[in-house]
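Structural overview for review
Listed here are the chains, written in short residue letters.
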Amino acid sequence: MSDIVLQASAVTRDFDISRPLLQRVLSGEPKRTLRAVDDVSFAIERGTTLSLVGESGCGKSTIARLAVGLYRPSTGDISFEGHPLSAARAQASLRRKMNMIFQDPYASLNPRWRVRDIVAEPIRAFAILASQKDITDRVGQLLSQVGLSPADGEKYPHEFSGGQRQRISIARALSSEPDFLVCDEPTSALDVSVQAQILNLMRDLQQRLGLTYLFISHNLAVVRHMSDRLGVMYLGRIVELGAGETLFRAPRHPYMRLLLEAIPDLAMVGRTRTPVGGEVPSPINPPSGCPFHPRCPLANDRCRTEKPIHTLIETTEIACHAIAEGRA
Amino acid sequence: MPLLEVENLIVEFPTRRGLLRAIDEVSFTIDPGEVLGVVGESGAGKSLTGAAIIGLLEPPGRIAGGQIRLNGARIDTLSPERMRPIRGRQIGAIFQDPLTTLNPLYSIGRQLVETMQTHLPLSDRDARERAIQWLEDVGIPAARHRIGAFPHEFSGGMRQRVVIALALCAEPRLIIADEPTTALDVSIQAQIIALLKRITREHGTAVMLVTHDMGVIAETADRVAVMYAGRIAEIGPVRDVVLTPAHPYSEGLMGSIPSLEHRVDRLRQIDGAMPRLTAIPQGCAFNPRCPKTFARCMTERPALLPAGPTRSACWLHAEAAPHV
């Protein structure tokens, strides 16, 4: 039995962005949909981290929500520990095995609850522990685990800094004893020195508790630090998926190369570079063929008309005609 | 002679709980054509320093000490009426969010023309021609056709280009750019940085670039000032501050940034967080988080001391130097 925690097969998610019915009928407009996630497949092995990276609007947060069942796929299947996700969500013993950490630690904690109640909520919801004393002990233990003190449980969220709040979010996510955590930009709202603390903590916890992460970020350097495997997204599609180190050392897809070229890095002191032109097109009106072709230096007529399918090249899955044809 | 001189600048906020000192004796200079990067974490006082220079401190914040001189003349003591023509003509500003900088009810052409005509003696036709020229300069395609367009018709990256054109169109000598690329995606960010570098080089404009993104600074700035709790912790040439920082805080900060070039097992971390303004520790403000503290750090506040090619506010450098 292979140890795949989460598997997504050909998942697509559409959103209806039509105007209200009456207006639509009066002006004779058709229904309009936005395809936020388009034919995405991936698998995450137990104890590893899969990261998804891409610019705004590429669909990475939609996948985060699909992965914990907050959205249902329009087509395609997601399975969690071998069970279909919808069945797993319906069963408390499986549902508690997955949890989520959000981007904004100011918005994701209820300001009117004490920290001990915030952290204990999943324990109570899943009836993991019964006696008040056991719950108090467990909350204290969880707070120590994330580098806070058990006495902090008496305080309210506003008494903590952004980094400490993110630690509280992590303690809450861990309280249902999950195997799988979806982390949607967990450090984007934090300063760099605090970001380093949180990233170190997340890796320590992964090693200690054998956690599996789906890690969503727009920051490639953070992603490189965290991931075992990496998926690069563009306009709802994964364009390159493979081992993190391989993708960083030898990026193949033109978009991944563009991204790596564009990111300012400390090692770039004094160097100048030629930035790549163009912007991410609107997902409401995606380009025909390969969605990246308007910005791609390797695009030809085939790229403009035909959507590339995923091809396995060595250990990396790539969706690009130019690479498949050996033009790059 | 430096274009901008900031000397012992102090900014205070009177509150019910007493006076808060948000900027505490900050001094630096910027030469014509130079890019000075100002970095630090949230609350370090970077943006406030910029706001104090362009005379846009939000009351009750006020300059409580020190001097700001532009071309040798003091600008911190000017009345709002006398400061207004300097802002725009001499000092331009670019802010983080391009949507709130632009007026949504005016076409971008009208905003450019109005800004230029406020500061420069131009006829309507000349101003319009120049506005088109500026839009082309900042890389807006089909500028002649898009000059009548409104801000909402542009994407985020294009709007930030318009904001840059707006800041530069009166040909100021100094630009204060406060997080100009933070709201943008990385590929757009690279384009905007390249644009800012090219235009300031062509026009010899000096730039104070405020950002928390060390990568942007590394690529853009000539010199860097690292701020911590309202003071400059270290200032010097970009290469030295980024690659061989002297101050323990700059060292920790650079080490805590994950790198694209190589992967490490653990990031270097600075424990704790920056103190609140109400609870700045005695002595060096960094002492509770510093791995190298000794007795003097707890009692005396260090001034900027020479530390190799940079200057660093840390007693370590006084210990290393011969006693006088």
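Rules behind the numbers
- Residues numbered from 1 in each chain as written.
- Chains lettered and ligands numbered in written order.
- Predicted model: local features only at pLDDT ≥ 70, side-chain atom pairs only at ≥ 80, totals over all residues.
- Heavy atoms only, no water.
- Contact = heavy atoms within 4.5 Å.
- Buried area = accessible area lost by both parts, 1.4 Å probe.
- Salt bridge = Lys/Arg side-chain N within 4 Å of Asp/Glu carboxyl O.
- Helix = DSSP H or I, 4+ residues; strand = E, 2+ residues; numbered from the N terminus.
- Nonpolar A, V, L, I, M, F, W, Y, C, P; charged D, E, K, R; others polar.
- Pairing = 2+ DSSP bridges.
- Axes fitted to C-alpha atoms, helices over the stretch in contact; angles between N-to-C directions.
- Parallel < 35°, antiparallel > 145°, perpendicular 65-115°, else oblique.
- Left-handed = near helix turned anticlockwise from the far one by under 90°.
- Expected span 1.5 Å × (residues − 1).
- Buried < 20%, exposed > 50% of the residue type's maximum accessible area, 1.4 Å probe, protein only.

1. Details of the interface of chain B and chain A
- Listed as interface residues are 44 residues of chain B and, on the opposing side, 44 residues of chain A.
- Summed over both sides, the interface of chain B with chain A buries roughly 3,800 Å², with 53% coming from carbon and sulfur.
- Contact with chain A buries area across many residues of chain B, yet Glu219(B), Leu260(B) and Arg263(B) alone supply 21% of it, more than any other trio.
- Scanning the region where chain B abuts chain A turns up two salt bridges.
- Here Arg203(A) makes a salt bridge to Asp265(B), at a shortest N to O gap of 3.7 Å.
- Those elements that provide at least two residues to the side of chain B that touches chain A are helix 8 (156-168), helix 9 (186-203), helix 10 (214-220), helix 11 (238-243) and helix 12 (248-255) of chain B.
- Considering each element in turn, the side of chain B that touches chain A owes the most residues, eight residues, to helix 9 of chain B.
- Class assignment of the residues belonging to the side of chain B that touches chain A gives a composition of 19 nonpolar, 12 polar and 13 charged.

2. Topic: the sheet that holds strand 7 (residues 174-178) of chain B
All names here are of chain B.
- Spatial ordering of the open sheet is given by 6-7-8-3-9-10-12-11, a layout of eight strands whose pairing is mixed. Pairing within the sheet leaves two strands with one partner each, and these edge strands are strand 6 (91-94) and strand 11 (305-307). The sheet shows a mean angle of 20° between the axes of neighbouring strands, direction not considered.
- Pairing analysis gives four bridges linking strand 3 (residues 35-39) to strand 8 (residues 206-210), with the strands arranged parallel. Its bridge partner lying in strand 8, Val38 is registered against Val210.
- On the sheet, helix 8 packs against strand 6 and strand 7 and is oriented at approximately 170° with respect to strand 6.

3. Re the packing of helix 11 (residues 254-262) of chain A against helix 9 of chain B
- Where helix 11 of chain A contacts helix 9 of chain B, the axes come no closer than 9 Å and their chain directions differ by 45°. Between helix 11 of chain A and helix 9 of chain B, the crossing angle belongs to the class labelled oblique. The element helix 11 of chain A and its partner helix 9 of chain B pack so that their crossing is left-handed. Only Val186(B), Ser187(B) and Ala190(B) of helix 9 of chain B make contact with helix 11 of chain A, whose side of the interface consists of Leu258(A), Leu259(A) and Ala262(A).
- Residue classes in the contact of helix 11 of chain A with helix 9 of chain B are distributed as five nonpolar, one polar and no charged.

4. What about the packing of helix 8 of chain B against helix 9 of chain B?
Residues and elements named next belong to chain B.
- In contact at an axis separation of 10 Å, helix 8 and helix 9 are set at 15° when each is read in the N-to-C sense. Between helix 8 and helix 9, the crossing angle belongs to the class labelled roughly parallel. Both helix 8 and helix 9 take part in a crossing whose hand is right-handed. Here Gly157, Gln160, Arg161, Ile164 and Leu168 of helix 8 lie close against helix 9, whose contacting residues are Ile188, Gln191, Ile192, Leu195, Leu196 and Ile199.

5. Some remarks on helix 6 (residues 132-145) of chain A
All names here are of chain A.
- With 14 residues, helix 6 extends 20 Å from end C-alpha to end C-alpha; this agrees with the ideal 20 Å at 1.5 Å per step.
- By the burial criterion, the buried members of helix 6 are Ile135, Arg138, Val139, Gly140, Leu142, Leu143 and Gln145.
- On its buried face, helix 6 sits against helix 5 (115-125), helix 7 (162-174) and helix 8 (192-209).
- Among the residues trailing helix 6, Gly147 stands out with phi positive, at a value near 90°.

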